[in-house]
Each structure stands twice: as C-alpha cells, then as structure tokens.
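# Breakdown of the fold
What follows is each chain in one-letter form.
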Amino acid sequence: MVPVFWAQALAGGVCIGGAALLLMFFSGRVAGIAGIINNLLPPVAADWQWRALFVIGLIAGPWLVAPLLGHNPIGLPAVNLPELAVAGLLVGYGTTISHGCTSSHGVCGLSMLSLRSLVATCTFVAAGVVSMFVVHHLLGW
Amino acid sequence: MARLIGLLCGLLFGIGLALGGMTNPRIVLGFLDVAGAWNPTLVFVLCGALATTFIGYRFALKREAPVLAGERFHFPPRKPIDAPLLAGAALFGIGWGIAGYCPGPAAASLLAGHFGTLVFTIAMLIGMAMGRR
C-alpha cells in the first residue's frame with residue numbers, strides 16, 4: 001500500500017469540498033453521493049441526467065489522478081466477498097434511512113451547521129470504529 | 001448545463017477521493033482503527049473538504065438562487081433527530097467498519113475491475129432499494 005502524504009490528502013479534501021461547493025453554487029444541490037445514487041434507482045428521479053453524469057465523473061476521476069501519482073490509487077477490497085456483500089447491504093440501507101453518507105452528512109451537512117448531520121456523523125464514525133475493532137481485531141475477518 | 005456541472009463535479013469529487021486515499025479501503029479502515037495502527041490520512045481529507053465547503057457555502061448561500069437559471073437551493077427538510085437517523089447512521093457505520101467503503105469510494109473504485117468492489121456496490125444498491133420502501 002502506497003501511503004498518502006498529508007498535503008496530498010489535504011488537496012484531495014479540497015477537491016471533494018470544491019466539487020460539493022460548485023454543485024451547490026451552480027445547481028443548488030447537496031453533493032451527497034448516497035442521495036445522488038439513490039435517486040437513480042427506480043422510481044428514477046425526474047432530474048436523473050445530472051446524477052448519472054455525476055456518477056460517471058466519479059468513476060472516471062481516479063483514472064485522471066493515476067498518471068499524476070505514478071500508481072493506481074484504487075486499492076484492493078480489504079475483506080472477502082460475503083463480508084463485502086453484508087457491508088454493502090448495511091451501507092446502502094443505513095445511508096438511505098438516515099438520508100446521508102460521509103459526504104452528505106459529514107461534509108455538506110456539517111458545513112450548514114445541521115444538528116442532524118452532526119449527530120449522524122458522530123454516530124457513523126463511532127459505529128465504524130467499534131465495527132472495525134470487532135470485525136478486524138476480535139473476529140479477525 | 002446542469003448536466004455539465006454534474007459531470008465536472010463528479011470528476012472533481014472522484015479526483016479528490018483518489019488523491020485523498022479514500023479509494024483504498026485499507027487507508028479508510030486505518031482511520032477507523034483507533035485501537036490499532038491508526039492512520040490519520042482521512043483527517044486531512046475531511047479537514048480540506050470541510051474548510052472548503054464551510055467557507056464556500058457562506059458565499060454561495062448568500063445568493064437568492066444558484067447560478068444556473070431555473071434552479072433553487074435544495075436543502076434537506078428540517079427534521080428533529082429521530083430513530084431512523086440514529087439507526088441508519090449506526091448501520092452505515094457498521095458496514096463502513098467492515099469493508100472500508102462508503103458510497104462514493106465504492107463507486108469511484110468500480111473501474112479497477114475488482115470483483116469484490118462490484119459485489120459491495122450491487123449489495124449497496126439492493127440495500128438502498130430496501131431502504132426506500
């Protein structure tokens with residue numbers, strides 16, 4: 001695994017924040033990835049076109065960075081297929097009923113000083129820390 | 001025009017995820033591993049993103065409406081802190097701690113051709129469909 005230098009991580013964060021800011025500034029939308037993807041599922045939202053193009057850009061983005069870094073920034077999945085399937089279900093279901101993921105609650109919501117987003121962010125980070133400890137240290141998956 | 005903005009923002013978002021190491025689940029799990037070999041990379045990513053939106057939103061939201069004609073600011077409805085918010089965030093966190101993927105990085109990793117990323121993403125879409133009913 002190639003470590004990420006802190007200034008590079010900071011620059012990455014500025015790109016993510018910049019993307020969220022531009023989307024709000026031009027289109028008036030919160031850049032919540034879970035919500036953007038969610039509304040592409042049936043019943044498909046009327047404004048699905050920008051959402052589909054956002055996801056296409058999201059998938060293409062890392063490939064523009066790869067030549068710059070000199071290595072592929074996309075890492076291997078960290079766990080086996082059954083665990084990935086369970087995790088995927090939890091992430092999809094959880095972000096849908098709580099109306100947000102890391103980007104919507106953790107970046108956009110916190111920037112709007114939303115108490116709901118603060119509570120959600122603290123909850124998913126705490127749950128993530130506990131889950132990581134139980135799954136990877138205690139169970140050894 | 002909204003479509004072009006969507007594409008550009010998606011690209012920039014994907015670039016940011018890759019630069020910040022979030023397309024590597026080991027780095028994300030390292031951030032959650034406070035009791036083990038803690039990896040602070042995500043702290044810098046989050047600080048960079050938050051500083052940008054926190055300051056930028058102050059200016060952007062001073063406007064009456066977004067730049068694109070015919071658009072308005074779409075804010076999530078003001079609601080109290082309820083059980084679905086807490087339960088959903090907790091379930092999301094559990095899944096995040098298992099795989100090290102949240103929705104953005106999983107999607108951004110798809111083209112690398114790892115079968116596990118595809119399995120995670122399909123399961124995530126099924127989970128989303130279950131959550132919508």
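Residues numbered from 1 in each chain as written. Chains lettered and ligands numbered in written order. Predicted model: local features only at pLDDT ≥ 70, side-chain atom pairs only at ≥ 80, totals over all residues. Heavy atoms only, no water.

Okay, the pattern of salt bridges next. All names here are of chain A. A complete count under the given rule lists 3 salt bridges over all chains for this structure. Here Asp47 makes a salt bridge to Arg29, at a shortest N to O gap of 2.9 Å. Residue Asp47 is found in the loop between helix H2 (33–38) and helix H3 (48–69), and its partner Arg29 is found in the loop between helix H1 (6–27) and H2; the two are separated by 18 residues along the sequence. A salt bridge links Asp47 to Arg51, with the nearest nitrogen and oxygen atoms 3.1 Å apart. Here the salt bridges do not stand alone but share partners, grouping Arg29, Asp47 and Arg51 into one network. (Salt bridge = Lys/Arg side-chain N within 4 Å of Asp/Glu carboxyl O. Helix = DSSP H or I, 4+ residues; strand = E, 2+ residues; numbered from the N terminus.)

Moving on, we come to the packing of aromatic side chains. The tally for this structure, following the rule as stated, stands at 9 aromatic pairs over all chains. For the pair Trp6 of chain A and Phe44 of chain B, a centre-to-centre distance of 5.8 Å together with 40° between the ring planes defines the contact as tilted. A residue pair is termed interchain when its members come from two chains, as with Trp6 of chain A in helix H1 and Phe44 of chain B in helix H3 (residues 41–60). We classify Trp6 of chain A as partly exposed; its relative accessible area is 45%. With centroids separated by 5.4 Å and ring planes inclined at 90°, the aromatic side chains of Phe25 of chain A and Phe26 of chain A adopt a geometry described as edge-to-face. Note on Phe26 of chain A: relative accessible area 22%, which makes it partly exposed. (Phe/Tyr/Trp six-rings, centres within 6.5 Å; stacked < 30°, edge-to-face > 60°. Buried < 20%, exposed > 50% of the residue type's maximum accessible area, 1.4 Å probe, protein only.)

Moving on, we get to the layout of surface pockets. Of the volumes computed, that of the largest pocket is approximately 990 Å³. Surrounding the largest pocket, 31 residues form its lining, Val30 and His99 of chain A together with Phe75, Pro76 and Pro77 of chain B being those nearest its centre. Taken together, the elements giving at least two residues each to the lining of the largest pocket come down to H2, H3, helix H4 (81–97), helix H5 (102–111) and helix H6 (115–138) of chain A. Partitioned by chemical class, the residues of the lining of the largest pocket number 10 nonpolar, 15 polar and 6 charged. Size it by volume and the second largest pocket reaches roughly 300 Å³. Taken together, 23 residues make up the lining of the second largest pocket; nearest its centre are Thr102 and Val107 of chain A together with Met22, Leu42 and Leu46 of chain B. Per element, the largest residue contribution to the lining of the second largest pocket is 5 residues, and it comes from H3 of chain B. Taken together, the residues of the lining of the second largest pocket break down into 18 nonpolar, 5 polar and no charged. (1 Å grid on protein atoms, 1.4 Å probe; cavity = no way out; pocket = protein on both sides within 12 Å on 5 of 7 lines; lining within 4 Å. Points joined across faces, edges and corners; volume = space filled by probe spheres on them. Nonpolar A, V, L, I, M, F, W, Y, C, P; charged D, E, K, R; others polar.)

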